[in-house]
Amino acid sequence: ERANLMNMMKLSIKILIQSALSLGRTLDSDFPPLQQFFVVLEHCLKHGLKVKKTFIGQNKSFFGPLELVEKLCPEASDIATSVKNLPELKTAVGRGRAWLYLALMQKKLADYLKVLLDHKHLLSEFYEPDALMMEEEGAVIVGLLVGLNVIDANLCLKGEDLDSQVGVIDFSLYLKETQDSDDKQDGGITAVLDQKHYVEELNRHLSCTVADLQNKIDCLEKTNSKLQEEVCVWSVKYFSQLSSIRGKNPQECTLDLKHLSRYWKSLCKELEKELELQIGMKTEMEIAMKLLEKDTHEKQDTLVALRQQLEEVKAINLQMFHKSQNAECSLQQKTEAISSFEGKTNEMMSSMKQMEE
């Protein structure tokens, strides 16, 4: 789960930076990639949170760890004061979302979260030992957040219903094709390597997901076989009880038969419902596996194309290197010729002075 959240955070930050730079203006709260970034970040901060029991019920909010930043970093006091002065925020979740908005506008989000990670003994009060913020993935995500300092955001908190917003990840934003044909060939080796790394990460993530789905299908098949065995066992019990009541009087036989028939019907209905549910889940997983396999093949084709582009860029760079070496040799020859001309000019000047004398 930590690896999946880290991959989603990588994709959301990458798409947010690319779309923001292509847009070329200050972002607002209605920008879809920015909304999805906050949703993914919220899921990362909620991972492994300890549940605190109160008089009202159970409380599980990521705003508790964020409140520590004010004590550890005095620069964050302005954010805490602004969040407290917003009267429309009634829940800890809303205050946490407002805190993230303000930290992003200050371009201090990565710095504040790094301060938290440097004091993990304080975070242990809020998170489980295997939480994302307590492991290496938290440090990786903080490093990725530094790249958001290149964008400008102007988020209006007044009028926003931050308390009741439901954070749902929109995977359609991350399944779009990110490769252009040949119009970005001059981007250099760095851009090609970034796309190659992105495709390889996505392929690894898809292969893990396919393996998980296959394991779930195997578990469902085992469950179905167990249900069939239970049906056989209950059938044997049912007929054995029928045979045992044959020696009783008619009234007792009628009551026992009614009771057994009702029980048998209810059991059959429950087993049919369970079987239909398992069959539906199996078909959905098979469809999901087919879609993932198709996406994997497409990403592999993209990877082959990117490798071809990388070879072409390497060949172009090698040609440019040879041209630069030839240019340096010609430049050196010209400098030597200029120095010889300067020597001859000096000799001519000295001879002219002698002739004038």
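Above this note sits the structure.
In what follows, the accompanying structure is described.

Criteria and thresholds
- Residues numbered from 1 in each chain as written.
- Predicted model: local features only at pLDDT ≥ 70, side-chain atom pairs only at ≥ 80, totals over all residues.
- Heavy atoms only, no water.
- Salt bridge = Lys/Arg side-chain N within 4 Å of Asp/Glu carboxyl O.
- Helix = DSSP H or I, 4+ residues; strand = E, 2+ residues; numbered from the N terminus.
- Buried < 20%, exposed > 50% of the residue type's maximum accessible area, 1.4 Å probe, protein only.
- Axes fitted to C-alpha atoms, helices over the stretch in contact; angles between N-to-C directions.
- Parallel < 35°, antiparallel > 145°, perpendicular 65-115°, else oblique.
- Left-handed = near helix turned anticlockwise from the far one by under 90°.
- Contact = heavy atoms within 4.5 Å.
- Nonpolar A, V, L, I, M, F, W, Y, C, P; charged D, E, K, R; others polar.
- Phe/Tyr/Trp six-rings, centres within 6.5 Å; stacked < 30°, edge-to-face > 60°.

1. Here's the deal with the pattern of salt bridges
In this structure the tally under the stated criterion is 7 salt bridges. Taking the shortest distance from any N to any O, the salt bridge between R2 and E137 comes out at 3.2 Å. Placement of the pair is R2 in helix α1 (residues 2–23) and E137 in helix α8 (residues 136–145), with a sequence separation of 135 residues. A residue is classified by how much of its surface remains accessible, and R2, at 25% relative accessible area, is partly exposed.

2. Looking at the packing of α1 against helix α2 (residues 32–46)
Interhelical geometry of α1 versus α2 gives an angle of 155° and a closest axis separation of 9 Å. The angle between α1 and α2 falls in the class roughly antiparallel. Remark: the crossing between α1 and α2 carries left-handed chirality. Contact residues: α1 offers L5, M8, M9, S12, I13, I15, L16 and S19, while α2 offers P33, L34, F37, V40, L41, H43 and C44. Its residues assigned to classes, the contact of α1 with α2 shows 12 nonpolar, 3 polar and no charged.

3. Some words on the packing of aromatic side chains
The full count for this structure, using the stated rule, is 3 aromatic pairs. Ring geometry for F37 versus F38: centroids 5.4 Å apart, planes at 55°, classification tilted. Ring geometry for W99 against Y112: centres 5.8 Å apart, planes inclined by 50°, an arrangement best described as tilted. Highlighted residues: W99 in helix α5 (residues 92–105) and Y112 in helix α6 (residues 109–117), separated in sequence by 13 residues.

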